[in-house]
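A closer look at the structure
Listed here are the chains, written in short residue letters.
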Amino acid sequence: QVQLVESGGGLVQSGGSLRVSCEASGIDFGLYVMAWYRQVPGKDRELVARITTGGGTAYVESVKGRFTISRDNAINMVFLHMNSLKPEDTAVYYCNAKNVADWVTDYWGQGTQVTVSS
């Protein structure tokens, strides 16, 4: 049974920092590109950051220089370190795992709420 379990969301003041984590189970973690998405009510889910199996990273323009995605293959976890948070970063953050073998198989976590107060 595949599970992606996010944790670490919460309420933080503007300018603050937060780290969200995602623990994967039931998959061969090293074969999956991991990503963080976010969604606010009434809008499409947005890709925030992605990390490849080899550790290469990519970010949406609005978070470059503020967010850092990392992964630890030894413990099947991916992290999103968020600094200089802004109210517009408020969203539910979702962890995603996509299999590089077929680029079709993917899994989602249940999401964790991040709220940035002004």
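Just so you know, these numbers come straight off a predicted model, no measurement behind them. (Residues numbered from 1 in each chain as written. Predicted model: local features only at pLDDT ≥ 70, side-chain atom pairs only at ≥ 80, totals over all residues. Heavy atoms only, no water.)

What follows deals with unusual backbone geometry. For S84, which is not a glycine, the phi torsion comes out positive at approximately 50°. Tracing the backbone shows S84 in the loop between β8 (77–82) and β9 (91–99). The backbone phi angle of W103 is positive, close to 55°, even though this residue is not glycine. Summarising the element assignment, W103 is placed in the loop between β9 and β10 (106–108). (Helix = DSSP H or I, 4+ residues; strand = E, 2+ residues; numbered from the N terminus.)

Relative to the helices and strands, R66 is located in the loop between β6 (57–59) and β7 (67–72). At 2.8 Å, the side chain of R66 and the side chain of D89 are in polar contact. (Polar contact = N/O pair within 3.5 Å; in protein donor to acceptor, adjacent residues only side chain to side chain.)

Take the pattern of salt bridges next. All chains considered together, the criterion is met by five salt bridges. In this structure, the salt-bridge partner of K64 is E61, at a minimum N-O distance of 3.1 Å. Each of R38, E46, R66 and D89 takes part in salt bridges that share partners, so that together they form one network. (Salt bridge = Lys/Arg side-chain N within 4 Å of Asp/Glu carboxyl O.)

Turning our attention to the packing of aromatic side chains. Tallied over the entire structure, the rule returns two aromatic pairs. Between Y32 and Y107 the ring centres are 6.2 Å apart and the planes differ by 40°, which places this aromatic pair in the tilted class. Highlighted residues: Y32 in strand β4 (residues 32–39) and Y107 in strand β10, separated in sequence by 75 residues. Overall, Y32 belongs to the buried group, its relative accessible area being 6%. Stacked on the ring of Y94, the Lys or Arg R45 has its end atom at 3.7 Å from the ring centre. Over the ring of W108 we find R45; its NZ or CZ atom is 4.7 Å from the centre of that ring. (Phe/Tyr/Trp six-rings, centres within 6.5 Å; stacked < 30°, edge-to-face > 60°. Buried < 20%, exposed > 50% of the residue type's maximum accessible area, 1.4 Å probe, protein only. Lys NZ or Arg CZ within 6 Å of the ring centre and 35° of its normal.)

What follows concerns the state of the cysteines. Within the structure shown, the criterion is met by one disulfide. Disulfide pairing is shown between C22 and C95; the S-S distance is 2.1 Å. In this structure, the disulfide formed by C22 and C95 twists by about -75° around the S-S bond and is classed as left-handed. One end of the pair, C22, is in strand β3 (residues 18–25); the other, C95, is in strand β9, and 73 residues separate them in sequence. Take C22: its relative accessible area is 0%, and that puts it in the buried class. (Disulfide = S-S within 2.5 Å.)

So far we have only geometry, and geometry alone does not tell us how the molecule works.
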